[in-house]
Amino acid sequence: MNNLERGWMYDRLDGREAINSRFITGVNKFILFACSQQNCMSGNNTRCPCKKYCNIKYKDVKMIIYHLLHDGFVKDYFVWKHQGEADLIGEISFNNDLINGA
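Below: a short report on this structure.

Thresholds applied
- Numbers given for residues are sequential positions, taken from 1 along each chain in its written order.
- For this predicted model, a pLDDT threshold of at least 70 governs which residues receive local features, and a threshold of 80 or more governs which side-chain atom pairs are given and counted, while totals over whole chains, interfaces and linings are taken from all residues.
- Based on all heavy atoms of the structure, the side-chain values leave hydrogens and waters out of the count.
- An axis is simply a line fitted to the C-alpha atoms; with a helix, the fit covers only the stretch in contact. Between two such axes, the angle follows the N-to-C directions and lies from 0 to 180 degrees.
- Where helices and strands are cited, they refer to DSSP runs of H or I of at least four residues and of E of at least two residues respectively, numbered from the N terminus.
- Note on convention: the crossing is left-handed when the near helix lies turned anticlockwise from the far helix by less than a right angle, right-handed when the turn is clockwise.
- Two residues qualify as a contact provided that any one of their heavy atoms is within 4.5 Å of a heavy atom in the partner residue.
- For this classification, the nonpolar set comprises Ala, Val, Leu, Ile, Met, Phe, Trp, Tyr, Cys and Pro, the charged set comprises Asp, Glu, Lys and Arg, and every other residue, Gly included, is treated as polar.
- In plain words, nonpolar cores are sets of buried Ala, Val, Leu, Ile, Met, Phe, Trp, Tyr and Cys residues tied together by side-chain atoms within 4.5 Å.
- Per-residue accessibility, obtained with a 1.4 Å probe over protein chains only, is compared with the maximum for each type, and a residue is labelled buried under 20%, exposed over 50%, and partly exposed between these values.
- The salt bridge criterion pairs a side-chain nitrogen of Lys or Arg with a carboxyl oxygen of Asp or Glu, the two atoms within 4 Å.
- Pairing of aromatic side chains here covers Phe, Tyr and the six-membered ring of Trp, requires ring centres within 6.5 Å, and sorts the geometry by plane angle: under 30 degrees stacked, over 60 edge-to-face, intermediate tilted.
- Polar contacts, as used here, are pairs of N or O atoms within 3.5 Å; protein pairs need one atom able to donate a hydrogen and one able to accept it. Residues neighboring in sequence count only if both atoms are side-chain atoms.

Running from amino to carboxyl end, helix H1 (residues 21–36) crosses helix H2 (residues 61–71) at an angle of 145°, the nearest separation of the two axes being 11 Å. The handedness of the crossing between H1 and H2 comes out as right-handed. The residues of H2 that touch H1, namely those facing Phe23, Ile24, Val27, Phe30, Ile31 and Cys35, are Val61, Ile64, Ile65, Leu68 and Leu69. Each residue belonging to the contact of H1 with H2 can be placed in one class, and the counts come to 11 nonpolar, no polar and no charged.

Shown next, in the form of structure tokens:
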């Protein structure tokens, strides 16, 4: 998933204060990604990126889904680094600085 297209993460509620279907779809994609990164898991648990736990506590998938639907994602978490995603934009910028002598 392109981490530049994650505006859905902060568009949890629709105009009726119901959970936005785009948010639910995105949460499901997040869960699939997080569970595919076995090296970042603790048993069957992964870090919970909700506002309450801020990627500090490991939780099971059902609890993470509940927290994300109820509270939403921690602020500015567009690169899922605690779930194993590489920050390609940061790496490109860093590599360009090295090449350009910065």
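Having seen the model, we can carry on.
Right, let's talk about the nonpolar core for a bit. If you look at the biggest cluster of nonpolar residues, it comprises 16 residues, and the most contacted ones within it are Trp8, Val27, Phe30, Leu68 and Phe73. Among the secondary structure elements, those contributing two or more residues to this core are H1 and H2. The element best represented in this core is H1, accounting for 5 residues. With near-sequence residues (within four places) excluded, phenylalanine 30 lies in contact with Trp8, Pro49, Ile64, Leu68, Phe73, Trp80 and Gln83.

Our focus in this paragraph is the pattern of salt bridges. Scanning the model with the defined rule gives 3 salt bridges in all. Here arginine 16 and aspartate 14 are joined by a salt bridge, their closest N and O atoms 3.1 Å apart. Here arginine 16 falls in the exposed class, since its relative accessible area comes to 68%. Classification of aspartate 14 as partly exposed rests on a relative accessible area of 21%.

Let's shift gears to the packing of aromatic side chains. According to the stated counting rule, one finds 8 aromatic pairs in the structure shown. Measuring from ring centre to ring centre gives 6.0 Å for tryptophan 8 and phenylalanine 23, while their planes differ by 65°; the resulting arrangement is edge-to-face. One end of the pair, tryptophan 8, is in the segment before H1; the other, phenylalanine 23, is in helix H1, with 15 residues separating them in the sequence. We classify phenylalanine 23 as buried; its relative accessible area is 0%. Relative to tryptophan 80, the ring of phenylalanine 30 has its centre 4.9 Å away and its plane inclined at 90°; by these criteria the two rings are edge-to-face.

This part takes up the side chain of glutamine 83. With respect to the element layout, glutamine 83 can be found in the loop between H2 and helix H3 (88–100). Looking at glutamine 83, the relative accessible area reads 0%, which means it is buried. Within the local environment of glutamine 83, its side chain forms a polar contact with the backbone oxygen of arginine 47, the two atoms lying 2.9 Å apart. Only 2.4 Å separates the side chain of glutamine 83 from the side chain of tyrosine 77, close enough to count as a polar contact. Once you skip the residues sitting within four places of it in the chain, glutamine 83 turns out to touch Phe30, Phe33, Ala34, Gln37, Cys40, Thr46, Arg47, Pro49, Asn55 and Tyr77.

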